[in-house]
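Here is what each chain is made of, one letter per residue.
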Protein chains: 2
Amino acid sequence: MEQIAYKARTHEALTKEYALVRAHYDELCARNLKLDMSRGKPAKEQLDLVSGLFTALTTPEDCVIDGIDARNYGELSGLPAAKRLFADILGCKPEECFAGGSSSLNLMYDTISKAFTHGLLHSETPWSKLDCVKWLCPVPGYDRHFKITQTFGCEMINVPMTPDGPDMDIVEELIKDEAVKGMWCVPKFSNPDGIVYSEETCRRIAAMKPAAKDFTLMWDNAYCVHEFEGEFIPFPDIIGLCREAGNPDMVYEFASTSKVTLAGAGISVMAASEANLKYMVSLMSIQMISADKVNQLRHVRYLKDKETTLELMKRHAELLYPKFHCVLDMLEAEIAPLEIAQWQKPKGGYFVSVNTIPGLAKRTLALCKQAGVVMTGAGAAFPYGVDPQDSNIRIAPSLPPVAELQQAMDIFCASLKIAALEQLLNIA
Amino acid sequence: MEQIAYKARTHEALTKEYALVRAHYDELCARNLKLDMSRGKPAKEQLDLVSGLFTALTTPEDCVIDGIDARNYGELSGLPAAKRLFADILGCKPEECFAGGSSSLNLMYDTISKAFTHGLLHSETPWSKLDCVKWLCPVPGYDRHFKITQTFGCEMINVPMTPDGPDMDIVEELIKDEAVKGMWCVPKFSNPDGIVYSEETCRRIAAMKPAAKDFTLMWDNAYCVHEFEGEFIPFPDIIGLCREAGNPDMVYEFASTSKVTLAGAGISVMAASEANLKYMVSLMSIQMISADKVNQLRHVRYLKDKETTLELMKRHAELLYPKFHCVLDMLEAEIAPLEIAQWQKPKGGYFVSVNTIPGLAKRTLALCKQAGVVMTGAGAAFPYGVDPQDSNIRIAPSLPPVAELQQAMDIFCASLKIAALEQLLNIA
C-alpha cells in the first residue's frame, strides 16, 4: 500500500486504496479473532514476577514491625513502615502518607465523597449543600476519574493537554470561578497520552491561586515508577511544591502498587499535608479500623525501598517494552505517512493514545469491534464520555502477547484507514 | 467481705464495707498496673492459630480459581468462590453475596454514605436532600455503628434490648414514621450484651411494614460463628426471611473473618437481595475495580467451608472460654450477691456487658482508669455516647492473658463497689 498522505491523494487513488484496505480488513474479520485491549491490565508474566510477595510473611514473628503486630487491629493511617516506603518512592515525608488498602481509586472516591458529605479541611460547607460544583478535567484523561466527579454531580470542564501537561493559561483563568473546586491530574505518563508534566507546569499548578478556599488538586501519581523504556525519570514532590507556594493543603496525591506487584491486590497511599491527613483521619476513624496491614507489611518486606522497587520495575519494563513498541512501530509504519492521526511516544505508563483527524474514533472502534478487537470505548477519555472531536482512541497494550498485539494492531490500522477513507470518499 | 445485697445493709455496715473496699482498691492502685480491656481485639494466641493462611497461596497456579486469576483486575463483586464460602456460612445464596476487602465496617459505612449521596434502590431522593433522617438504635449497642449514623447527621432513637432482641413492640410503633430510615442490628451475640435474637424476633423484624420505602435494616452478623462455649447455634437467613415476608430489598447483612482469621486483614461480605446488589454494584463500579481477591482466595483455600470454619472457631473458643469465665466468675462471686449490677451470660461474641444500678458507670470507669485499667468509655454503647441511666459498662476480655484479666477484674469489682457505696453513703 502507498505511503503518501491521504489528503494528498486523488479520488481515484483513494478509491483504489479503499478497495485494498477493505479486502485486507475482510480477510482479518474472517479470522474470527477475539482480542481485548480495553483496559490497562498487567499480563500474567508480570504478575508472575512477584510471587515472592506470597512468602514475604509466613510466621507470626514476620508480622511484627516497629513493635506493631500487623495482624491485629489498630494503626488507622497505616503501618509506619508502609508510610516510609511510600515516602521514599514519592519523595514526601512519611507523616504525609496515609497507607491504605488495595485500591487508590477507592481512596480518591472516598476523598471526593467526604468533600460532598462532610466537606474538606477548608470547606465552609459540605459540597452536597452547594448549588454547583465545577471540576477541571485535563483531556484526554482517565475515565474512572471523570466518573467519580460525574457520579457526585460535578459540572466537569475540559482543559486541553499540552505536551507539558494541562494548559495552565486556561486553568489559571478557570480557577477564578469560586465554584471550581478541583482538578484531576496524572502528572507522570498521563492516562492516556503518556505525557510527563514539565517541572514548570508542576510549579505553576502548585502556585495556583484558586478562588475556592477548598480547591482540591487530585494528583494521581499512578505511574510514578512505571517507565517501560529508558531510565527512571525523577518527578517533583507536589506536596512540598504546594507547601513552598503557600498552598500546603491544596493537594492530595495518590499512588498504589497495583502495577508494581498485583493488580487490585497491592497497597495504596494518599499523601497530603499533615493538617489534611489529621482532618481526613478523623473522618476515616468512623469508616474503618485500618486497611489490611498484613498486606502492607508483605509489601514492605518485599519491595523494601524505592531502589528495590525500581529494580522490579525494570523487570516489568522488559515485558512491556516489546508490546508498546509493537504498537508504536505499527502506527509509525502504517499510519504516520497517511497523516490521519497523531500520538505521543510515551516511555512509561500503560497506554498509547491515538488522536485521529476529527470524526474517526467511533467508526474506527466500531470496525475494530466487528473484527473482534475490543478497545476502550470511544469518548471514554473525556468527561461524560463525550469526545468533542470524536478523535481519541486509547490503546492498552499490556495484556495481550506480542503476537496477538500484532494481529490487533493490524485490525486497528485497517479500521482507522477505512474510517478515514470513508470520510474522505464520503461513504455513509 | 460480706455477701449480702448492699441495699439490705445498714449504714454502719456499708461504712465498714467502704473502708474495706477502699483499702483493697488503694492496694491495687499501688501495683501501678496498665491493662487494656477497651476493644474486642483478638489475642496473639488467636492470631497464631491461622498462620497457615500465609502459605495458602504461594505459586501463580494457586491463584487461579473458576478460571479467574485472582491477581489481576476484575470481578467487582468478588470471587465467586468467596461468595460461595460466605453463602455457606450465612445460609444465603452465593449470588446474594458481595465479597469485599478487609473491613465489613467499611462496607456498612459505604452503604449509609451512598444512601446519603445517591439514595438506595427504593429511595425517592438521596438522604442528604432530606430535612431529617431518623435511625433506630437498639441499646446498648455497638459504638462504631452509632458513630456512622451520627456522622451523617441521623437523629438516632434508642430502642431497648430485651433478652430476645430489640423490643419489637416499640420498633413497630417507631417505623410508622416515614423519617425513620433504618435500624442497626447485631443479631447473634449482640455487641455488647451477647444476646442472640430469638427466631420470633427475627421473623418480626423481617415482616416489619415501615412507612419509609427505603427502610434499611443493617444486619451486622459480626459474631455469626463466634461461640466461645457450647455448640454452634444456628441462625436464620435474614435475606430469605425478608424475601418471604415481602420485604426482599429491606436488609443488608454484613460479616467478616476479622475474628476468624486476622483482625483487619480478613475478608468481608455484604449480603443482600440480587436487586439490591445489582444497584449497589452499579454505584460501586465507580469506586473500585474489586476488593483484594488474592486475600479472598487465600481465605477460600484456608477456611474451605462452614464446617472447616467452625472447627477453627473451636480453637478460638478454647482460648476465649477461660477469659470470659474469669470475667463471669468474678462478677458472679464478687458482684452478684451485692445486687448492684446485672449482666447476660453470653456463650459467644466478644463482650460481657455489665448494667449497674443507675448512675454508677462513669464513676466506676474513672476509678478503673485511676488504677490503670482502661475499659471502653462510659456511654460508648449508646448513640451520641450518652447512656441515659449511666449504667452500661462493656468489658472486652479477649486480649489480656487470664492472669492480667484477674487483676483487671479485681480492680473493676473494687471500683464498682466503691461507686455503689459512694452513692449509697452519699459521698461526693
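Quick caveat, the model's predicted, so the values are computed rather than measured.

Caption draft 1: The arrangement of the sheet that holds strand 13 (residues 352-356) of chain B in detail. Residue and element names in this part refer to chain B. Strands sit in the order 12-13-15 across an open sheet of three strands; the sheet is antiparallel. Two strands in the sheet have a free side with no partner beyond their single neighbour: strand 12 (341-343) and strand 15 (392-395). Taking the axes of each pair of neighbouring strands and ignoring which way they run, one obtains an average angle of 25 degrees across the sheet. Note that strand 12 and strand 13 share three bridges and pair antiparallel. Residue pairing across strands places Ala341 opposite Thr356, the latter belonging to strand 13. Contacts from helix 13 (residues 402-425) reach strand 12, strand 13 and strand 15, with the element oriented near 175 degrees to strand 15.

Caption draft 2: Broad picture of helix 3 (residues 80-90) of chain A. Residues and elements named next belong to chain A. In terms of burial, helix 3 is a largely internal element, eight of the 11 residues being buried. Regarding helix 3, the residues found buried are Ala81, Ala82, Lys83, Leu85, Phe86, Ala87, Ile89 and Leu90. Contact partners of the buried residues in helix 3: strand 2 (64-65), strand 4 (97-99), strand 10 (251-256), strand 11 (268-271), helix 10 (293-303) and helix 11 (306-335). After helix 3 finishes, the residue Gly91 shows a positive phi value of roughly 80 degrees.

Caption draft 3: Structural detail: the interface of chain A and chain B. On the chain B side, the residues contacting the 54 residues of chain A number 54 residues. Here chain A packs against chain B, burying approximately 4,500 Å² in sum over the two surfaces, 53% of which is carbon and sulfur. On the chain A side of the interface with chain B, the three residues burying the most area are Phe54, Arg71 and Tyr73 of chain A, jointly 17% of the side's total. When the shortest N-O distance is used, the salt bridge between Asp48 of chain B and Arg71 of chain A registers 2.7 Å. Applying the counting criterion to the chain A and chain B interface returns 15 residue pairs in polar contact (both at pLDDT 80 or more). Elements with a minimum of two residues in the side of chain A that touches chain B: helix 2 (44-48), helix 4 (104-117), helix 5 (143-151) and helix 10 of chain A. With seven residues, the single largest contributor to the side of chain A that touches chain B is helix 4 of chain A.

Caption draft 4: Structural context of the packing of aromatic side chains. All names here are of chain A. Counted by the stated rule, this structure contains 18 aromatic pairs over all chains. Relative to Phe152, the ring of Phe116 has its centre 5.2 Å away and its plane inclined at 20 degrees; by these criteria the two rings are stacked. Highlighted residues: Phe116 in helix 4 and Phe152 in the loop between helix 5 and strand 6 (155-162), separated in sequence by 36 residues. For the pair Tyr223 and Tyr350, a centre-to-centre distance of 6.1 Å together with 25 degrees between the ring planes defines the contact as stacked. Of this pair, Tyr223 sits in the loop between strand 9 (216-220) and helix 8 (238-244) while Tyr350 sits in the loop between strand 12 (341-343) and strand 13 (352-356), placing them 127 residues apart in sequence. A relative accessible area of 2% places Tyr350 in the buried class. An aromatic cluster is defined as three or more aromatic residues linked by ring pairs; in this entry it consists of Tyr109, Phe116, Trp127, Trp135, Phe152 and Trp184. Between the NZ or CZ atom of Lys259 and the centre of the ring of Tyr350, over which it lies, the distance is 5.3 Å.

Caption draft 5: Inspection of the relation of the copies chain A and chain B at higher detail. Superposition of chain A onto chain B requires a rotation of 180 degrees combined with a translation of 0.0 Å along the rotation axis, giving an RMSD of 0.0 Å. The transformation relating the two chain copies, once decomposed into turn and shift, fits a two-fold axis.

Caption draft 6: Region of the structure containing the packing of helix 12 (residues 361-370) of chain A against helix 13 (residues 402-425) of chain A. Residue and element names in this part refer to chain A. It is the contact of helix 12 with helix 13, at a shortest axis distance of 8 Å, that shows an interaxial angle of 135 degrees. Here helix 13 runs oblique to helix 12, going by the angle between their axes. The handedness of the crossing between helix 12 and helix 13 is right-handed. When helix 12 is examined against helix 13, the residues Arg363, Thr364, Leu367 and Cys368 are found in contact with a partner set consisting of Ile411, Phe412, Ser415, Leu416, Ile418, Ala419 and Glu422.

Caption draft 7: Expanded view of the pattern of salt bridges. Residue and element names in this part refer to chain A. Applying the stated criterion across every chain yields a total of 46 salt bridges over all chains. For Glu318, the salt bridge goes to Arg315, with nearest N and O atoms at 3.2 Å. Of this pair, Glu318 and Arg315 both sit in helix 11, three residues apart, which is roughly one turn of the helix.

Caption draft 8: Layout of the state of the cysteines. One pass over the full model with this rule turns up zero disulfides over all chains. Cys63 of chain A takes part in no disulfide bond, and the closest cysteine sulfur, belonging to Cys63 of chain B, lies 18 Å away. Assessed through its relative accessible area of 0%, Cys63 of chain A is described here as buried. Here Cys132 of chain A is not cross-linked by a disulfide; its sulfur's nearest cysteine counterpart is in Cys154 of chain A, at 8.8 Å.

Caption draft 9: Summary view of unusual backbone geometry. Following Val139 of chain A, the chain continues to Pro140 of chain A via a peptide bond in cis, the omega torsion being -5 degrees. Along the chain, the position of Pro140 of chain A falls in the loop between strand 5 (134-139) and helix 5. Residues Asn191 of chain B and Pro192 of chain B are joined by a peptide bond in cis, for which omega reads 5 degrees. In this structure, Pro192 of chain B sits in the loop between strand 8 (180-185) and helix 7 (199-206).

Caption draft 10: Structural context of the confidence of the model for chain A. On average, chain A scores 97 in pLDDT, and the residues at 70 or more come to 100%. Quick note on the complex model: pTM equals 0.97, ipTM equals 0.97.

Caption draft 11: Highlighting helix 12 of chain A. Residues and elements named next belong to chain A. Listed in full, the buried residues belonging to helix 12 are Ala361, Thr364, Leu365, Leu367 and Cys368. One side of helix 12 carries all its buried residues, which in axial view fall inside an arc of 160 degrees. Turned more than 90 degrees from where helix 12 packs its buried face, Lys362, Lys369 and Gln370 sit exposed. Buried residues belonging to helix 12 abut helix 1 (11-29), strand 13, strand 14 (373-375), strand 15 (392-395) and helix 13. Trailing helix 12 by a residue or two, Gly372 shows a phi angle of about 95 degrees, which is positive.

Caption draft 12: Representation of the side chain of Glu253 of chain B in the model. All names here are of chain B. With respect to the helices, strands and loops of the structure, Glu253 is situated in strand 10 (residues 251-256). Buried charged residue Glu253 carries no salt bridge. Nearest counter-charge: Arg243, at 10.0 Å. Among the polar contacts made by the side chain of Glu253, one reaches the side chain of Asn221 at a distance of 2.9 Å. Sequence-distant contacts of Glu253, defined by excluding residues within four places in its chain, comprise Leu90, Trp219, Asn221, Ile238, Ile239, Val269, Met270 and Ala271.

Cut-offs applied
- Residues numbered from 1 in each chain as written.
- Chains lettered and ligands numbered in written order.
- Predicted model: local features only at pLDDT ≥ 70, side-chain atom pairs only at ≥ 80, totals over all residues.
- Heavy atoms only, no water.
- Pairing = 2+ DSSP bridges.
- Helix = DSSP H or I, 4+ residues; strand = E, 2+ residues; numbered from the N terminus.
- Axes fitted to C-alpha atoms, helices over the stretch in contact; angles between N-to-C directions.
- Contact = heavy atoms within 4.5 Å.
- Buried < 20%, exposed > 50% of the residue type's maximum accessible area, 1.4 Å probe, protein only.
- Buried area = accessible area lost by both parts, 1.4 Å probe.
- Salt bridge = Lys/Arg side-chain N within 4 Å of Asp/Glu carboxyl O.
- Polar contact = N/O pair within 3.5 Å; in protein donor to acceptor, adjacent residues only side chain to side chain.
- Phe/Tyr/Trp six-rings, centres within 6.5 Å; stacked < 30°, edge-to-face > 60°.
- Lys NZ or Arg CZ within 6 Å of the ring centre and 35° of its normal.
- Least-squares fit on C-alpha atoms with pLDDT ≥ 70 in both.
- Parallel < 35°, antiparallel > 145°, perpendicular 65-115°, else oblique.
- Left-handed = near helix turned anticlockwise from the far one by under 90°.
- Disulfide = S-S within 2.5 Å.
- pLDDT = per-residue confidence, 0-100.
- Arc of directions from axis to C-beta.
- Lys, Arg positive; Asp, Glu negative; His and termini not counted.

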